[in-house]
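Residue-level structural notes
Given next are the chains, with one letter for each unit.
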Amino acid sequence: AEADSPCGLCGAAAPPYRCPRCHRRLCSLRCYRAHGPCAEAFYRDQVLEALRAERSSPPGSALPGLRELREPGDPARLAGRGLWEQLSEAERDGFRRLVSSGEAAALLPRWRPWWWRGRGRVEELGDGSGPAEEEEEEEGDEGRPGPAPPVPTSVPPLSALRAAPPSPLVRFQLPNALFGYAFALSLHGGDERLLPELPDAAIAASAALRGRRPFASTAEALLSARRDARAAGLPLSPLGDSGALLAVAQLLEGRDSRDPGADAAAALWHLWRLLRAGARALPSPERGRFRRARRKVGFLLSWSRGATEELAQLAQEARGVHAEVAAEEAAVAQIREKLEKVWGGPRPPPREGRVEGAPW
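Residues numbered from 1 in each chain as written. Predicted model: local features only at pLDDT ≥ 70, side-chain atom pairs only at ≥ 80, totals over all residues. Heavy atoms only, no water.

1. A look at the overall build of the chain
Applicable threshold: Here a strand is any run of E in DSSP of at least two residues, a helix any run of H or I of at least four, and the numbering for each starts at the N terminus. Should any heavy atoms of two residues lie within 4.5 Å, those residues are considered in contact.
Tallying secondary structure elements over the chain gives 14 helices and two strands in all. Considering only contacts within the chain whose residues lie at least 6 apart along the sequence, 67% involve residues at least 24 apart.

2. Regarding the packing of aromatic side chains
Threshold: Aromatic contacts are taken between Phe, Tyr and Trp rings whose centres are within 6.5 Å, Trp giving its six-membered ring; a plane angle under 30 degrees counts as stacked, one over 60 as edge-to-face, and the others as tilted. Exposure is judged per residue with a 1.4 Å probe applied to protein chains only, and the accessible area is read against the type maximum: over 50% gives exposed, under 20% gives buried, and values in between give partly exposed. Consider the ring centre and the ring normal. A charge sits over the ring if Lys NZ or Arg CZ is within 6 Å of that centre and within 35 degrees of that normal.
Counted by the stated rule, this structure contains four aromatic pairs. Summarising the aromatic geometry, the rings of phenylalanine 179 and phenylalanine 183 are spaced 6.1 Å apart at their centres and angled 10 degrees between planes, so their arrangement reads as stacked. With phenylalanine 179 and phenylalanine 183 both in helix α7 (residues 173–187) and four residues apart, the pair spans about one turn of that helix. For phenylalanine 179, a relative accessible area of 3% translates into the label buried. Taking the relative accessible area as the measure of exposure, phenylalanine 183 reaches 4% and is therefore buried. Among the aromatic residues, ring-to-ring pairing joins Trp114, Trp115 and Tyr181 into one connected group. Residue placement shows arginine 112 over the ring face of tryptophan 116; its charged tip is 4.3 Å from the ring centre. The ring centre of tryptophan 272 lies 5.4 Å from the NZ or CZ of arginine 294, which sits over that ring.

3. Focus on helix α8 (residues 197–205)
Across the nine residues that make up α8, a large majority, nine, are buried. Looking only at α8, the buried set comprises Glu197, Leu198, Pro199, Asp200, Ala201, Ala202, Ile203, Ala204 and Ala205.

Quick look at the structure:
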């Protein structure tokens, strides 16, 4: 029987998935990738359509719609989109697992943020597919970084916004806000037409954009943003946890040695404009939080343009946080790989096949 067939790629027993187009049995994401565009195109289309469906949703429904990608509830937004109905319930659960775990990000078209630099560092893409080493690759337009947003030419000095000097803790607001920006942009593949969803996700991930939340360190600011994104029910960033943290470090470091704060300023100015456009897509009563976030971004922009030394220190600290999280991710990936070898697939074997006293 087809259900008893081994995986069509690696031969593993009892593969839980089936290609929705050719019906070949497959056991894991690794085999889906090896299977080529047949299976990947289906999942890529489903993820992109689920994200872009919010354009036609009522204003203010951005976060609930994105939460549906992670929660195992009724997949109403995916129903009626063609191939979804062809999947069994087990296969639909597998798709939900790919999204909630962040593995589905590997099936999305390759997107590199405008601040990306290098020739193809897997570390910077955060796809978890291999060691962080440079690799030669032939790329289409999807593999190249997009155009950088402009650096604002006229930024009012901080003294023009407030008379009293700012608190020394203001510096830690910046990495928190930049995490929200990088996270939201990566989540939507840089598609600025997704309004108000894109700036809404930035606000959800950044307490600094939502109000006066103090942070005592760069690590606290970054890890708080990561927790807030999860608490909001948003999908995992396609950059990965460590990749989103690395994005903050790169933005703080900047690509121009003559103006190391240019990338941070460009990111903040870009976020300011996205917040303004997102507010226009909302009814008047719901625009307040976007306006408040925009004021905070303007304040951080003025502060950052006069704080070159502070930016360098923040970048170094962000690099340290990224290194710790990346090491944790690598350790977890190694454990998962060993377990999958023991199990013969991505999940433990059925109960009747377990060995008495085995940890699974």
